[in-house]
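Observations on the model geometry
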Amino acid sequence: STRALAVFSPVPLTPEVKQKIADKGGNLQYIIAPDMEHHISITPWSKAYPNAKVIGPGGLPEKRQKSGGEDAQVPFSTVITKDNKHNISISPDFDADFEFELVDAHPNQELVFCYKPDKTLIEADLMFTGPPNEQYSRTGENVSKGWMSWLVKKIQGTEGEALGQKRMLWYAFSAKDRSSFNQSVRRINSWDFNRIIPCHGD
């Protein structure tokens, strides 16, 4: 059988994107909204692949219900919350290939995944890198220049000691519950990964 596919933080479902899924066998089984912000395109994905399980953090189904319309009709098969995050199963096959943690202290309710076969960490807004050269590569704009890019790189850069990134995470993103934030980061740090795929930046 064709290997199951998982899509994280799905982009708009264009014909080009549909072709990529088809080229990889078309067996899309998981549509993952990794936080409270990266969910905008899951409605068309869920309609196009109705057998795929939709996964997201606690609070997201309610947020989508409030928006109404088609977004409110997307069924979530797995909702990961602070209370269930360490004893919930997505599926035996998914659980065999992925570690996952909900960073519930983060304001966006971050779901972080580690794809064990490729030692790859997948995250959305837990850590940014800037400037977002890759993200804007098709626009023809040079986002490496200017004072705003300099500021973003200082605040959210990952070079050297990454002090801006660390301070942003500690003083802003973890302020709600530093103990829980530390537990989540400690668990993520215990995973065996050597590559990070962020939603923002290179």
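The model shown is predicted, which means the values in this text are computed figures rather than measured ones.

What to know about the sheet that holds strand β4 (residues 78-80)
The pairing of strands in a sheet comes from backbone hydrogen bonds and takes either a parallel or an antiparallel form. Taken in spatial order, the four strands make up an open sheet running β1-β2-β3-β4, and their pairing is parallel. One side of each edge strand has no neighbouring strand; the edge strands of this open sheet are β1 (5-8) and β4. In this sheet, neighbouring strand axes are inclined to one another by 20° on average, regardless of whether the strands run parallel or antiparallel.

Considerations on the side chain of T120
As for its position among the elements, T120 is in strand β7 (residues 120-122). Side-chain polar atoms of T120 contact the backbone oxygen of D118, separated by 3.0 Å.

Focus on the layout of surface pockets
Space inside the largest pocket adds up to approximately 1,900 Å³. Around the largest pocket sit 46 residues that line it, and A6, V7, F8, S9 and V11 are the ones nearest its centre. Here the lining of the largest pocket is composed, by residue class, of 22 nonpolar, 11 polar and 13 charged.

Quick word on the sheet that holds strand β5 (residues 98-103)
As summarised here, the arrangement of the four strands in space is β5-β6-β7-β8, forming an open sheet in which the pairing is mixed. One side of each edge strand has no neighbouring strand; the edge strands of this open sheet are β5 and β8 (195-197). Shown here is a sheet whose adjacent strand axes are inclined to one another by a mean of 20°, direction ignored. Here β5 runs beside strand β6 (residues 110-115); their pairing, made up of six bridges, is antiparallel. Across the sheet, residue E101 finds its bridge partner in β6, namely V112.

Describing helix α7 (residues 178-189)
In a regular helix each residue adds 1.5 Å, so 12 residues correspond to 16 Å; α7 covers 16 Å between its end C-alpha atoms and thus fits that length. Residues of α7 that are buried: S180, F181, S184 and I188. The arc enclosing the buried residues of α7, seen along the axis, measures out at 100°, which places them on a common side. With respect to the buried face of α7, the exposed residues turned more than 90 degrees away are R186 and N189.

A look at the environment of Q19
Mapping Q19 onto the fold places it in helix α1 (residues 15-23). Looking at Q19, the relative accessible area reads 43%, which means it is partly exposed. Once the C-alpha coordinates of Q19 and S190 are considered, the two residues, 171 residues apart in sequence, prove to be 36 Å apart. At a separation of 2.6 Å, a polar atom in the side chain of Q19 contacts the side chain of D23.

Cut-offs and rules
- Throughout, residues of each chain are indexed from 1 in the direction in which the sequence is written.
- Local features in this predicted model are restricted to residues of pLDDT 70 or higher, and side-chain atom pairs are both shown and tallied only at a pLDDT of 80 or more, whereas totals for entire chains, interfaces and linings draw on every residue.
- For the side-chain quantities, the full set of heavy atoms in the structure was used; hydrogens and water were omitted.
- A pair of strands is considered paired only if DSSP assigns at least 2 bridges between the two.
- Strands are runs of DSSP state E lasting at least 2 residues, helices are runs of H or I lasting at least 4, and numbering of each runs from the N terminus.
- To obtain an axis, a line is fitted to C-alpha atoms, over the contacting stretch when the element is a helix, and the angle between two such axes runs from 0 to 180 degrees between their N-to-C directions.
- Here a polar contact is taken to be a pair of N or O atoms separated by no more than 3.5 Å, where protein atoms must pair a possible hydrogen donor with a possible acceptor and residues adjacent in sequence count only if both atoms sit in side chains.
- Points on a 1 Å grid, built from protein atoms alone, make a cavity when a 1.4 Å probe fits but cannot get out and make a pocket when they are open with protein on both sides within 12 Å along at least 5 of 7 lines; residues with an atom within 4 Å of a point are the lining residues.
- Grid points are joined across faces, edges and corners, and a volume is the space filled by probe spheres set on the points.
- Under this grouping Gly is polar, as are all residues other than the nonpolar Ala, Val, Leu, Ile, Met, Phe, Trp, Tyr, Cys and Pro and the charged Asp, Glu, Lys and Arg.
- By this rule, a helix spans an expected 1.5 Å times one less than how many residues it contains.
- Relative accessibility thresholds used throughout: buried, under 20% of the residue-type maximum; exposed, over 50%; partly exposed, between the two (1.4 Å probe, protein chains only).
- The directions considered for the arc are those from the helix axis to the C-beta atoms.

All we've got here are geometric facts, nothing functional implied.
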